[in-house]
Every structure is written in C-alpha cells, then in structure tokens.
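Structure at a glance
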Amino acid sequence: MATWPLATYLTGKLPATRDVAVYVWDLWWTGHQVIGLHNPWSTTSMAAPVGLQLAYHTLVPLLGVVMIPVMLAFGPSAAYTLALIVLPGLAGYATYRAARLWLATRGGAIAAGAFFGLSGMLTYQDWYHVNIAYGTLFLPMTLEAAVRLRRTPTFGQAVILGAVLAGCLLVNQES
C-alpha cells in the first residue's frame, strides 16, 4: 500500500518532514476558526500584534472543514494522517470515474484509476505537500465535470463544474 507507514502515525506521531507541522496547524486553525465562527483567512497568532492574512498561505480550508469531526475526536495530527491515507484511494476513484467516460471496459478504467492514484508523483506530494496532493485530486474531478457539461449542457452540470472548481480553489490555489 502506498501510504502504509502512515497508518502507524494515527496515534499522534507525525512524519519527519519539513512542512508537516504547518499542515497540521492549518487543519487545526481552520477547524478552530470555523467552529468559533471566525475568519480562517486571518490570524493574530503569528506576527503579533499585527497578524497575518492567510489567503496566500497553504491553508487548505476545505480539507480543514471536512476533517473537523476527526479532529475533534482524535486531534489534528490524526486528522492530517487520515487525510493522507485516504488520498490515493480518492484520487484513484475520481480517475476511474473520469476514465469511464471514454474507456469501453471497466478494467481499463480501474487500471487508469490505479495508475493515477498510486503514481509516484501523487505519493510524493501526499507525503510532502498535502495542498498540492489534494489539488491534484480535483484534476480528474474537473475533467469529468467538464466532459459531462460538454455532453449534456444543462444548468445543473454547469453548477457541478463550478462547485468542483470552487472546491479546488479552497484546497490549493496553484491547481
């Protein structure tokens, strides 16, 4: 399994990489601010007393909101680790769905999903840059939504594509 060592980190241990503490803080900060109904894109906890705007920070607000229940139950480091563990499966499934639009066989779509979800590029980003990894998840989702809109141009399909693009912006501004 591509993320096997991460399963051993669910108890609170974190991978020894440079950016992990920042991403754990990002998840905690987003959850803390959303629960308290405060602005997650601004903080006075850094660069006091003036504070910082976090719009260009690797905040990953959508992931922080989605992981609030896990964070409340098990803590921010477990939420971070769980987010890393499930990413290859989510990316593989999203690619499978997009591939089903073109490939005639289910086996081919499963292979496409496996190749993308377990690719070296995605695994590397999963370990080191969670914002880029989750932004990559939105590539096949956007492709599927755009193809479905092109094939069936309805208002509902346009709303779905817009929601996918908005979700991408709330995960990784680079994507």
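The text that follows walks through the structure, step by step, so that each part is easy to find.

Parameters at a glance
Residues numbered from 1 in each chain as written. Predicted model: local features only at pLDDT ≥ 70, side-chain atom pairs only at ≥ 80, totals over all residues. Heavy atoms only, no water. Helix = DSSP H or I, 4+ residues; strand = E, 2+ residues; numbered from the N terminus. Rg over C-alpha atoms; globule rule 2.2 N^0.38 Å. Buried < 20%, exposed > 50% of the residue type's maximum accessible area, 1.4 Å probe, protein only. Contact = heavy atoms within 4.5 Å. 1 Å grid on protein atoms, 1.4 Å probe; cavity = no way out; pocket = protein on both sides within 12 Å on 5 of 7 lines; lining within 4 Å. Points joined across faces, edges and corners; volume = space filled by probe spheres on them. Nonpolar A, V, L, I, M, F, W, Y, C, P; charged D, E, K, R; others polar. Phe/Tyr/Trp six-rings, centres within 6.5 Å; stacked < 30°, edge-to-face > 60°. Salt bridge = Lys/Arg side-chain N within 4 Å of Asp/Glu carboxyl O.

**Regarding the overall build of the protein**
Along the backbone of the protein there are nine helices and two strands. In the protein, the succession of helices and strands from N to C terminus is α-α-β-β-α-α-α-α-α-α-α. Relative to a compact globule of 175 residues, whose C-alpha radius of gyration would be 16 Å, the protein shows 17 Å and is just as compact. C-alpha atoms of the protein, sized along the principal axes, occupy 60 × 40 × 25 Å. Relative to its full complement of 175 residues, the protein shows a buried share of 43%. Once local pairs closer than 6 in sequence are excluded, the contacts in the protein between residues at least 24 apart make up 64%.

**Considerations on the layout of surface pockets**
Put simply, the largest pocket is a space of about 180 Å³. Around the largest pocket sit L62, L63, V66, M67, L90, Y134, L137, F138 and V171, which together line it. Residue classes in the lining of the largest pocket are distributed as nine nonpolar, no polar and no charged.

**Here we look at the packing of aromatic side chains**
Evaluation of the coordinates by the stated rule reveals six aromatic pairs. Aromatic ring contacts, followed pair by pair, group W25, W28 and W29 into a single cluster.

**What to know about the environment of G31**
Looking at the secondary structure, you find G31 in helix 2 (residues 20-35). As for G31 and F116, which are separated by 85 residues in sequence, their C-alpha atoms are 30 Å apart.

**Here we look at the pattern of salt bridges**
Under the definition given, this model contains two salt bridges. In this structure, R97 engages E144 in a salt bridge whose closest nitrogen and oxygen atoms are separated by 2.7 Å. Taken together, the residues span a long stretch of sequence, with R97 in helix 5 (residues 76-99) and E144 in helix 8 (residues 130-151) at a distance of 47 residues. Accessibility expressed as a relative area gives 34% for R97, which makes it partly exposed. A salt bridge links R148 to E144, with the shortest nitrogen-to-oxygen separation between them at 2.9 Å.

Nothing here speaks to function; it is all geometry.
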